[in-house]
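# Chain and residue survey
Here are the chains, one letter per residue:
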Amino acid sequence: MTVHVLGLTTSSSGCKRNWSTFELVNSYKKREIDYHKRVNDLVFIKFNATIKTWSMEYKRDLIAAKTLMIEK
């Protein structure tokens, strides 16, 4: 415990430097998390758009097949 207490910075410039480093690391992690969240959201949107396109094409093909069956 004594080593820990004596190892703490006592000057204001030392404290500012420690907090500045802490904020830098924290903001980097936050940006990284935001980046991954944004990428995941974009992938989710793209995947859903692809599924919607496939679904619309499938429905269109079913309607075309039913129309051909009715005409025969």
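Residues numbered from 1 in each chain as written. Predicted model: local features only at pLDDT ≥ 70, side-chain atom pairs only at ≥ 80, totals over all residues. Heavy atoms only, no water.

Looking at an unreviewed UniProt entry, one finds the protein chain named HAT C-terminal dimerisation domain-containing protein, with Platanthera guangdongensis as its source organism.

## As for the pattern of salt bridges
Selection criterion: In what follows, salt bridge is the name for a side-chain nitrogen of Lys or Arg lying within 4 Å of a carboxyl oxygen of Asp or Glu. Residue exposure (1.4 Å probe, protein chains only): buried if accessible area is under 20% of the type maximum, exposed if over 50%, otherwise partly exposed.
In the structure shown here, the tally under the stated rule is 2 salt bridges. Note that Asp-61 and Arg-60 form a salt bridge whose closest N and O atoms lie 3.8 Å from each other. On the basis of relative accessible area, Asp-61 is assigned to the partly exposed category, the value being 45%. Residue classification places Arg-60 among the exposed residues on the basis of a relative accessible area of 52%.

## Let's talk about a nonpolar patch on the surface
As a reminder, the rule being used: Like-charged residues within 9 Å of one another, or nonpolar side chains (Val, Leu, Ile, Met, Phe, Trp, Tyr) within 5 Å, are grouped into patches, provided each residue has over 30% relative accessible area and no salt bridge. Areas reported here follow the Shrake-Rupley algorithm with a probe of radius 1.4 Å; residue values treat only the protein chains shown as occluding. Elements are defined by DSSP. Helices are runs of H or I of four residues or more, strands are runs of E of two residues or more, and each kind is numbered from the N terminus.
Nonpolar side chains collect at one region of the surface, where Tyr-35, Val-39 and Val-43 lie side by side and expose about 290 Å² of accessible area between them. Its location among the elements puts Val-39 in helix H2 (residues 12-71). Residue classification places Val-39 among the partly exposed residues on the basis of a relative accessible area of 33%.

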